[in-house]
Amino acid sequence: MLDLNEIFLLFEDRINKNRNFLFKNPIKKLTASTKKEYETLYQEIEYYKKQNKYIAGYFPYDSNMRADIESAPTEKPFESICTGRFHIYPSL
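A short tour of the structure in this document, coming up.

So, how was this worked out
Residues numbered from 1 in each chain as written. Predicted model: local features only at pLDDT ≥ 70, side-chain atom pairs only at ≥ 80, totals over all residues. Heavy atoms only, no water. Helix = DSSP H or I, 4+ residues; strand = E, 2+ residues; numbered from the N terminus. Contact = heavy atoms within 4.5 Å. Areas by Shrake-Rupley, 256 points an atom, 1.4 Å probe, with all protein chains shown as cover. Pairing = 2+ DSSP bridges. Axes fitted to C-alpha atoms, helices over the stretch in contact; angles between N-to-C directions. Phe/Tyr/Trp six-rings, centres within 6.5 Å; stacked < 30°, edge-to-face > 60°. Buried < 20%, exposed > 50% of the residue type's maximum accessible area, 1.4 Å probe, protein only.

Some words on the overall build of the protein
Step number 1: When helices and strands are tallied, the protein shows 2 helices and 5 strands.
Step number 2: Partitioning the intrachain contacts of the protein with sequence separation of at least 6 by distance along the chain shows that 64% fall at a separation of at least 24.
Step number 3: When the accessible surface of the protein is split by element, carbon and sulfur atoms take 51% of a total near 7100 Å².

Examining the sheet that holds strand S5 (residues 84-89)
Step number 1: Reading across from one edge, S3-S5-S4 is the order of the 3 strands in this open sheet, with antiparallel pairing throughout. A strand with exactly one partner marks an edge of an open sheet, and here the two such strands are strand S3 (28-32) and strand S4 (54-58). Ignoring strand direction, the axes of neighbouring strands in this sheet form an average angle of 20°.
Step number 2: Across 5 bridges, S4 lies against S5 in antiparallel orientation. Considered in S5, the bridge of glycine 57 is made with phenylalanine 86.

Structural notes on the packing of aromatic side chains
Step number 1: Within this structure, the stated rule accounts for 4 aromatic pairs.
Step number 2: Seen from their ring centres, phenylalanine 21 and phenylalanine 23 are 6.3 Å apart, and the 25° between their planes marks the pair as stacked.
Step number 3: On the accessibility criterion, phenylalanine 23 (7% relative accessible area) is buried.
Step number 4: Ring plane angle 80° and centroid distance 5.0 Å describe the contact between tyrosine 47 and tyrosine 48, whose orientation is recorded as edge-to-face.
Step number 5: Take tyrosine 48: its relative accessible area is 14%, and that puts it in the buried class.

Keep in mind these values describe shape, not function.
Shown next as C-alpha cells:
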C-alpha cells in the first residue's frame, strides 16, 4: 500500500500504456531559490543525469525563469518565483 505521507512520483507512459513507473523514497532532494542555488541545482541535475538516475521536479509554470533567475539576488532568496524542487531516484 502506498503511504501518502511519503514522497513519490507516478510516471504514466501514455504512448505505451502498459509501462508505468512508481518512484518512491528519493535518494536526494534538490531545491533552489537564489541565483547561486540555481547554478548548483543545474550542475547537480547534470551530474545525476550522467549517473543514469531518474530526476523529477518542477520550475513554476507562471514565471519567466531566465529573466527571474538573472535578476535574482546571488545569496538571498527572492520572492518573484517559487522555489524549484527536484528529487533524484535510483536507476531501475
